[in-house]
Structure formats: structure tokens, C-alpha cells
Amino acid sequence: MTVLDWLLDSDPSLRWQVLRDLAGAAPDVVAAERARVATEGWGARLLSLRDDDGQWAQGAYFPANGASSESASSDVDGADDADSDDGWDSGPQPWTATTYSLLLLRDFGIDPRSEPMRRTVALVRDNCRWEEGGQPYFDGEVEPCINGMTVALGAYFDQDVDGVVARLISEQLDDGGWNCWAASGAVVSSAATTVNVLEGLLAHEQATGGSAQSADARRRGEEYLLERGLFRRKSTGEVIDPAWLTFSFPTRWHYDVLRALEYFRSARNPPDPRVAEAVEVLRTRRQPDGTWLLENTHPGKVHFALEDGDGRPSRWNTLRALRVLDWYEPHGVNL
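All of the points below concern the structure found in this document. (Residues numbered from 1 in each chain as written. Predicted model: local features only at pLDDT ≥ 70, side-chain atom pairs only at ≥ 80, totals over all residues. Heavy atoms only, no water.)

Before going further, it helps to examine the overall build of the chain. Looking only at helices and strands, the chain has 13 helices and 2 strands in total. Each principal axis of the C-alpha distribution contributes one length, and for the chain these read about 55 × 50 × 40 Å. Looking at the chain as a whole, 54% of its 335 residues are labelled buried. Taking the intrachain contacts of the chain between residues at least 6 apart in sequence as the baseline, contacts between residues at least 24 apart amount to 67%. If you sum the accessible surface of the chain, you get close to 13,800 Å²; carbon and sulfur atoms cover 48% of it. In the chain, which carries 33 positive and 54 negative side-chain charges, the distance between the mean positions of the two groups comes to 5 Å. (Helix = DSSP H or I, 4+ residues; strand = E, 2+ residues; numbered from the N terminus. Buried < 20%, exposed > 50% of the residue type's maximum accessible area, 1.4 Å probe, protein only. Contact = heavy atoms within 4.5 Å. Areas by Shrake-Rupley, 256 points an atom, 1.4 Å probe, with all protein chains shown as cover. Lys, Arg positive; Asp, Glu negative; His and termini not counted. Charge placed at Lys NZ, Arg CZ, Asp CG, Glu CD.)

Attention shifts here to helix H10 (residues 212–226). Taking 1.5 Å as the rise per residue, H10 with 15 residues should run 21 Å; its terminal C-alpha atoms sit 21 Å apart, in good agreement. For H10, every residue scored as buried is listed here: Ser 214, Ala 215, Ala 217, Arg 218, Gly 221, Glu 222, Tyr 224, Leu 225 and Leu 226. Contact partners of the buried residues in H10: helix H8 (162–170), helix H9 (191–208) and helix H11 (257–266). (Expected span 1.5 Å × (residues − 1).)

For the pair H9 and H10, the least separation of the axes is 10 Å and the interaxial angle reads 145°. Helix-helix and strand crossings are classified by hand; for H9 and H10 the assignment is left-handed. In contact with Ala 191, Thr 194, Leu 198, Leu 201, Leu 202 and Glu 205 of H9, H10 contributes Ser 214, Ala 215, Ala 217, Arg 218, Gly 221, Glu 222, Tyr 224 and Leu 225. Its residues assigned to classes, the contact of H9 with H10 comprises 8 nonpolar, 3 polar and 3 charged. (Axes fitted to C-alpha atoms, helices over the stretch in contact; angles between N-to-C directions. Left-handed = near helix turned anticlockwise from the far one by under 90°. Nonpolar A, V, L, I, M, F, W, Y, C, P; charged D, E, K, R; others polar.)

It is worth spelling out the nonpolar core at this point. Within the largest apolar cluster, 88 residues are counted, with the highest numbers of intra-cluster contacts made by Leu 230 and Leu 261. Setting aside chain neighbours within four positions, we find Leu 230 in contact with Leu 225, Trp 244, Tyr 255, Ala 260, Leu 261, Phe 264, Val 275 and Ala 278. (Core = buried A, V, L, I, M, F, W, Y, C linked by side-chain atoms within 4.5 Å.)

Below, the discussion takes up the packing of aromatic side chains. Tallying each qualifying case throughout the model produces 13 aromatic pairs. Seen in terms of ring centroids, Tyr 263 and Phe 264 are 5.1 Å apart; in terms of plane orientation they differ by 75°. Their pairing is edge-to-face. A relative accessible area of 2% means that Tyr 263 is categorised as buried. Taken together, the ring pairs in this structure connect Trp 42, Phe 108, Phe 249 and Trp 316 into an aromatic cluster. (Phe/Tyr/Trp six-rings, centres within 6.5 Å; stacked < 30°, edge-to-face > 60°.)

The next thing to look at is the packing of helix H2 (residues 12–21) against helix H3 (residues 27–35). Contact geometry of H2 with H3 gives a least axis separation of 8 Å together with a crossing angle of 165°. On the basis of the axis angle, H2 is roughly antiparallel to H3. Between H2 and H3 lies a crossing whose hand is left-handed. Residues Pro 12, Arg 15, Trp 16, Leu 19 and Arg 20 of H2 lie in contact with H3, whose contacting residues are Val 29, Val 30, Glu 33 and Arg 34. Of the residues contributing to the contact of H2 with H3, the split by class is 5 nonpolar, no polar and 4 charged. (Parallel < 35°, antiparallel > 145°, perpendicular 65-115°, else oblique.)

Let us now look at the environment of Gly 59. Locating Gly 59 in the fold gives a position in the loop between helix H4 (41–48) and helix H5 (98–108). In this structure the C-alpha to C-alpha distance between Gly 59 and Ala 38, which are 21 residues apart in sequence, comes to 22 Å. Residues within four places of Gly 59 in sequence aside, it is in contact with Ala 64, Ala 97, Thr 98 and Glu 131.

According to the stated counting rule, one finds 25 salt bridges in the structure shown. For the salt bridge of Arg 233 with Glu 238, the shortest nitrogen-to-oxygen distance reads 3.3 Å. Given the relative accessible area of 43%, Glu 238 is considered partly exposed. Residues Arg 283 and Glu 280 are paired through a salt bridge, measuring 2.9 Å at the closest nitrogen-oxygen approach. You can see Arg 283 and its partner Glu 280 sitting in helix H12 (residues 276–284), 3 residues apart, about one turn around the helix. On the basis of relative accessible area, Glu 280 is assigned to the partly exposed category, the value being 38%. Through salt bridges with shared partners, a single ionic network connects Arg 20, Asp 21, Glu 262, Arg 320 and Arg 323. (Salt bridge = Lys/Arg side-chain N within 4 Å of Asp/Glu carboxyl O.)

With that settled, consider the side chain of His 298. Structurally, the position occupied by His 298 is in the loop between strand S1 (292–293) and strand S2 (313–314). A polar atom in the side chain of His 298 sits 3.0 Å from the side chain of Ser 248. What His 298 contacts, discounting residues up to four positions off in sequence, is Trp 95, Ser 248, Pro 250, Thr 251, Arg 252 and His 254. (Polar contact = N/O pair within 3.5 Å; in protein donor to acceptor, adjacent residues only side chain to side chain.)

What follows is the structure, given as C-alpha cells:
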């Protein structure tokens with residue numbers, strides 16, 4: 001079985017993306033497969049788990065029966081780059097509330113115009129409130145990491161998040177990135193917060209056209225990552241966090257090299273030379289059979305498993321890696 005055959009032997013949420021991005025399938029074939037996401041497999045299963053009011057686990061960011069007032073991101077300011085995983089998140093975080101459920105449906109590529117999704121998003125808009133301040137979901141909350149996710153979701157599901165975008169632009173730090181702890185005194189950015197914000201700004205720009213201000217903020221945020229080669233300290237060149245060189249899915253709020261490369265691919269620009277070392281890291285993680293493994297799964301309660309666990313071949317990571325390599329070296333990827 002080839003890698004392409006193995007990828008196609010999967011759930012509709014993954015299969016339609018393989019057909020579009022790797023197999024060169026006709027648009028009508030891709031569209032028909034994508035339509036199945038809302039009615040079959042993981043997409044339909046996840047939709048069936050939502051509450052009657054449109055939420056999952058009765059919470060915006062945390063399940064109602066396990067809510068936390070802590071920050072979503074553990075990034076704190078350091079010498080010149082914030083590290084990623086040394087703060088409050090030393091134990092599992094539940095991933096079953098509304099935000100991460102919607103993010104997963106977006107990862108599945110569910111058609112936002114499908115009836116189940118339009119109904120769900122309308123209910124979220126009307127009923128879901130943030131634990132932090134009780135404000136409506138698509139108004140965002142106070143942390144740029146979470147607000148980056150909110151903007152990405154609003155853009156995907158055709159909701160007005162212009163106010164959240166304006167807030168994110170105003171919160172950009174002097175070094176070009178963002179940090180969830182800025183309100184508490186952090187003065188240097190973190191990669192995890194920055195990539196969440198960049199993904200949101202890019203999605204909003206692609207959906208609405210954006211603005212000169214948001215495009216400028218996004219370019220400055222990209223420079224923050226590029227100046228560090230996506231994973232090295234600017235001051236010393238050392239690897240900021242070895243975990244960034246391993247790949248998880250879903251990524252949740254966490255940062256790693258593959259997620260950063262996916263962002264730059266999604267921006268649809270030619271590869272910047274400064275991503276070359278990160279791409280080489282990606283190449284070295286490829287297994288002899290042509291797949292990539294699931295690694296560094298972020299612990300916490302989930303609705304259901306998508307793959308076989310860490311250390312096993314990952315269809316999601318293989319798809320994501322092959323898309324990046326196809327962007328970096330067009331027509332040079334061996335399936």
C-alpha cells in the first residue's frame with residue numbers, strides 16, 4: 001500500500017483533504033467527499049456530542065464541570081524569547097468545551113455552509129459566553145492566544161470578529177509577536193501565542209480582505225518567528241524548546257515547527273529562506289515507510305481518539321507534512 005492509498009483509507013474529514021491537496025482529484029469529487037464530513041465519521045460524531053444550546057460540555061473554553069480561571073497559555077517572559085510549556089499547564093487540560101470542538105471541526109474542514117454547522121454556529125453566537133467575563137463568544141475575551149483562535153473560527157464560520165482583530169492589533173508587542181501574559185507584565189512574545197494570533201489574522205484577511213493595519217501586524221508577527229528560524233533563540237541560536245521539534249495533532253494552543261510551517265504554507269507566499277532549517281527538521285522526522293508519527297500528544301480529556309497514539313504512524317501529521325513539503329519543493333514529494 002502506498003502512502004497515498006493509506007491516507008485515502010481514512011475518515012471523510014481527512015480523505016477529502018488528501019483528494020484535494022495530494023491526489024489532484026476533480027473539484028466535484030472533492031466537494032462530494034467534503035460534504036460527508038457533516039453526516040459521517042468524526043465530523044458527524046463530534047456534532048452529535050454538542051449540547052442543545054450549541055455548546056460542547058456547557059462551556060466556552062473549559063467544560064462547565066471542570067472550569068478553570070487560569071490562562072490558556074503558559075508562556076512567560078524570559079531573556080529574549082518566551083519558553084512554551086513551563087507554567088500553569090503542568091497537568092492535563094480538558095479539550096472538550098466549545099472552542100476546541102469548533103477548532104477540530106475546522107481542522108476536519110467541515111463545510112461551514114452545511115445546515116448542521118450553520119445551526120450550531122448560530123446557537124453558539126446566541127448562547128455561548130466566555131468564562132472570563134461573560135461576554136458573547138464572538139466578541140472574544142482578554143487573552144490574545146484565545147482571541148487568535150476566536151478570530152480564526154469567526155472567519156471560518158462567517159461571523160463578525162472585526163472587534164477582536166482590532167484588539168489583537170493593539171496588543172502586539174514591540175518585538176513583533178504576542179504574549180498571553182502581556183497584561184501581567186510580559187514584555188517579550190511567545191511563539192505559542194504568536195502562532196495562534198497569526199493564524200487568526202490570516203484567516204480573517206483571507207475571508208474578508210483584512211486591512212492595511214492587520215496585514216502589517218501579521219507581517220511583523222511573521223518576522224518574529226522567522227528571525228528565530230521558527231525554533232531558535234534570537235540571542236544564542238539554541239533550540240528554545242525540544243518539544244517544538246516533535247509534532248502533535250490536534251495542536252490545541254501549543255506551538256511546534258510543523259504548525260509554524262503550516263501557517264507559512266497557508267499564507268500562499270513563496271518560502272522564506274529562513275524556514276529552511278525547520279523544513280529539514282520536518283524531513284528528518286519522516287519514517288522509512290514515508291509516514292510521520294504522532295508525537296507529543298497534549299494530555300487532557302477528549303471527545304474521542306483520532307489516531308492510535310504517540311509513536312505510531314499518523315495520517316494527520318503525514319498529510320500536514322506532505323502539504324508543507326509540496327509547498328516548499330513543488331512536484332518534488334514522493335508519495
